[in-house]
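Descriptive structure summary
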Amino acid sequence: MTVADNLARIQERIANAAQRAGRKDSIELVGVTKYVDTSMARQLFDAGCSTLGESRPQQLWQRAEDLESLPIRWHLIGHLQRNKIKRTLPLVELIHSVDSTRLARAIDEQARQAELTANVLLEVNISGDEEKHGFAPEELPDVLASSQPLSNVNVTGLMGMAAFTRRGELARQDFRKLKTLFDNLRSTYQLSQLSMGMSNDFEVAIEEGSTIVRVGSAMFDGLETP
Ligand SMILES: *Cc1c(COP(=O)(O)O)cnc(C)c1O
């Protein structure tokens, strides 16, 4: 078995979930490489997964450098500290994890200096788990309103995770909550991306309207990983 086999199986599961839900729009798969070494990340890219996600900025920097020759679209999916913005911005296509207005303003500032526009999602703490980052749902209207004047930050959607205790089918209630929030805000703030669903619950997330899934461990199941 190879990572290409795993990728093919995951793509098929994504397609089946989309079909069950009667969806015709496309769903983006982010291959999360934080558990594996660079050579495995390369194999995943070679197998056809060109969007890769890392949760730690330093690891993303290193990977982006090691795999510089490949046209990988890097996504940062984990917490971003303000002192790491400058080095991260030019490397990533999307930051999934903006979790404070201070961070959004700092990204705007650094993006302006680098003369680029940062595409970001707002992370929502939908489950209320205390260890999780993210805005409370009720904060979102104010956060979105205050992000609009940021000329170098483009808030394109929301990201969230199900509660640690609700895996698989049990995640549905959390995803439904996030989708409802997304639908309520999307027309006013032109949101198009909803990042939800991981290895244990991506099919449920797709049934509930996710447009981006972030899959790590399932991608490397049964493979020798360091
Ligand atoms: C690690 C991670 C993932 C992937 O998790 P798996 O359960 O291994 O698929 C997805 N999203 C975020 C934010 C992560 O940190």
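We now turn to the structure provided with this report. (Residues numbered from 1 in each chain as written. Predicted model: local features only at pLDDT ≥ 70, side-chain atom pairs only at ≥ 80, totals over all residues. Heavy atoms only, no water.)

A word on the nonpolar core. Grouped together as the largest cluster of nonpolar side chains are 67 residues, with contacts concentrated most on Leu-29, Ile-95, Ile-107, Leu-122, Leu-158 and Met-219. Not counting the four nearest positions on each side in its chain, Leu-158 is found in contact with Leu-121, Leu-122, Val-124, Leu-140, Leu-178, Phe-182, Leu-191, Gln-193, Leu-194 and Ser-195. By size, the runner-up hydrophobic cluster in this structure holds 5 residues, among which are Val-30, Leu-94, Met-159 and Ile-212. (Core = buried A, V, L, I, M, F, W, Y, C linked by side-chain atoms within 4.5 Å. Buried < 20%, exposed > 50% of the residue type's maximum accessible area, 1.4 Å probe, protein only. Contact = heavy atoms within 4.5 Å.)

Bringing helix α5 (residues 101-113) into the picture now. Count 3.6 residues to each turn of an α-helix, and residues three or four apart come out pointing the same way. The terminal C-alpha atoms of α5, which comprises 13 residues, lie 19 Å apart, in line with the 18 Å expected from a rise of 1.5 Å per residue. Within the span of α5, buried status applies to Leu-103, Ala-104, Ala-106, Ile-107, Asp-108 and Ala-111. Along its buried surface, α5 packs onto α4 (85-88), β4 (92-98), β5 (118-124) and β6 (153-160). One or two steps after α5, the chain reaches Glu-115, where phi turns positive at roughly 55°. (Helix = DSSP H or I, 4+ residues; strand = E, 2+ residues; numbered from the N terminus. Expected span 1.5 Å × (residues − 1).)

Moving on to the site of the ligand. Taken together, Val-32, Lys-34, Tyr-35, Ser-55, Ile-77, Met-161, Met-198, Ser-199, Arg-214, Val-215, Gly-216 and Ser-217 make up the full set of residues near the ligand. A distance of 2.7 Å separates an oxygen atom of the ligand from a polar atom in the side chain of Lys-34. At 2.8 Å from an oxygen atom of the ligand is found a main-chain nitrogen or oxygen belonging to Gly-216. Taking a 2 Å distance to the grid points as the criterion, the majority of the atoms of the ligand fall inside the largest pocket. Taken together, the residues of the shell around the ligand sort by class into 6 nonpolar, 4 polar and 2 charged. (Near = heavy atom within 4 Å. Polar contact = N/O pair within 3.5 Å; in protein donor to acceptor, adjacent residues only side chain to side chain. 1 Å grid on protein atoms, 1.4 Å probe; cavity = no way out; pocket = protein on both sides within 12 Å on 5 of 7 lines; lining within 4 Å. Sits in = over half its atoms within 2 Å of the grid points. Nonpolar A, V, L, I, M, F, W, Y, C, P; charged D, E, K, R; others polar.)

Inspection of helix α3 (residues 57-66) places Pro-57, Leu-60, Trp-61, Arg-63 and Ala-64 among the buried residues, and these make up the whole buried set. Where α3 is buried, its residues meet α2 (38-46), β2 (51-54), β3 (73-76), α4 and β4.

In this structure, Ser-192 sits in the loop between α7 (172-189) and β7 (193-195). On the basis of relative accessible area, Ser-192 is assigned to the partly exposed category, the value being 44%. Other than its neighbours up to four places away in sequence, Ser-192 contacts Thr-156, Phe-182, Arg-186 and Thr-211.

Within the element layout of this structure, Glu-208 appears in the loop between α8 (202-207) and β8 (212-215). By relative accessible area, which is 12% here, Glu-208 ends up buried. Excluding residues that lie within four positions of it along the chain, Glu-208 makes contacts with Arg-172, Phe-175, Arg-176, Lys-179 and Met-196.

Let us look at the environment of Asn-16. Here Asn-16 shows up in helix α1 (residues 3-20). Sequence separation of Asn-16 and Arg-73 is 57 residues, and the distance between their C-alpha atoms is 25 Å.

Most of β6 sits inside the fold, with 7 of its 8 residues counted as buried. Handedness of the crossover joining β5 and β6 through helix α6 (residues 140-147) is recorded here as right-handed. In this fold, β6 hands off to α7, which returns the chain to β7; that crossover is right-handed. (Right-handed = clockwise from strand over helix to strand, strands pointing away.)

This paragraph deals with the packing of α6 against α7. Two numbers describe how α6 lies on α7: the axes approach to 11 Å, and their chain directions differ by 25°. When the axes of α6 and α7 are compared, the pair comes out roughly parallel. Relative to α7, the crossing made by α6 is right-handed. Residues Leu-140, Pro-141, Leu-144 and Ala-145 of α6 pack against Leu-181, Leu-185 and Tyr-189 of α7. Among the residues forming the contact of α6 with α7, the class breakdown is 7 nonpolar, no polar and no charged. (Axes fitted to C-alpha atoms, helices over the stretch in contact; angles between N-to-C directions. Parallel < 35°, antiparallel > 145°, perpendicular 65-115°, else oblique. Left-handed = near helix turned anticlockwise from the far one by under 90°.)

A separate point is the packing of aromatic side chains. According to the stated counting rule, one finds 0 aromatic pairs in the structure shown. Over the aromatic face of Phe-164 sits the side chain of Lys-132, whose NZ or CZ is 3.6 Å from the ring centroid. (Phe/Tyr/Trp six-rings, centres within 6.5 Å; stacked < 30°, edge-to-face > 60°. Lys NZ or Arg CZ within 6 Å of the ring centre and 35° of its normal.)

Among the secondary structure elements, Thr-88 is positioned in helix α4. Judged by its relative accessible area of 0%, Thr-88 falls in the buried class. Side-chain polar atoms of Thr-88 contact the backbone oxygen of Lys-84, separated by 2.6 Å. Not counting the four nearest positions on each side in its chain, Thr-88 is found in contact with Pro-57, Trp-61, Leu-76 and Leu-80.

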